[in-house]
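Each chain is listed here by its residues.
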Amino acid sequence: MSTPVARMPCQQKRRLATSSHLGRVGAAADIADAVAFFTTPDSRWVTGQVLEVNGGLYLGPRASLHH
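Quick summary incoming for the structure in this document.

Rules behind the numbers
- Residues numbered from 1 in each chain as written.
- Predicted model: local features only at pLDDT ≥ 70, side-chain atom pairs only at ≥ 80, totals over all residues.
- Heavy atoms only, no water.
- Helix = DSSP H or I, 4+ residues; strand = E, 2+ residues; numbered from the N terminus.
- Buried < 20%, exposed > 50% of the residue type's maximum accessible area, 1.4 Å probe, protein only.
- Areas by Shrake-Rupley, 256 points an atom, 1.4 Å probe, with all protein chains shown as cover.
- Phe/Tyr/Trp six-rings, centres within 6.5 Å; stacked < 30°, edge-to-face > 60°.
- Salt bridge = Lys/Arg side-chain N within 4 Å of Asp/Glu carboxyl O.
- Patch = residues over 30% accessible without salt bridge, like charges linked within 9 Å, V, L, I, M, F, W, Y side chains within 5 Å.

Assigned secondary structure in the chain consists of 2 helices and 0 strands. Of all 67 residues assigned to the chain, the portion counted as buried reaches 9%. When the accessible surface of the chain is totalled, it reaches about 5,800 Å², and 61% of it is carbon and sulfur.

Okay, here's the thing in structure tokens:
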């Protein structure tokens, strides 16, 4: 999948992954799984939503676990 993250140099991807709340860069399967949810009966009561599938990117800086 050609995305800005996929085209990043490895060192930059590692930095992005370590700053992510989930500790990794997202994959196509992460998006596909979220989309697949809306094709199941489990989503039958969901209307008018915007699903942010970004691994916590918009939550702000990741808190350090080492004090």
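Turning our attention to the packing of aromatic side chains. On inspection of all chains with the given rule, the structure shows 1 aromatic pair. A ring pair is formed by F37 and F38, whose centres lie 5.1 Å apart and whose planes are at 70°; its orientation type is edge-to-face. Residue class for F37 comes out partly exposed when judged on its relative accessible area of 32%.

Enumeration according to the criterion identifies 1 salt bridge in this entry. Residue R24 pairs with D30 through a salt bridge whose shortest N-O separation is 2.9 Å. The class of R24 is partly exposed, set by a relative accessible area of 40%.

Together, I31, V35, F37, F38, V46, L51 and V53 line one region of the surface with nonpolar side chains, adding up to about 550 Å² of accessible area. Positionally, V35 belongs in helix α2 (residues 28-37). By relative accessible area, V35 is classed as exposed at 52%.

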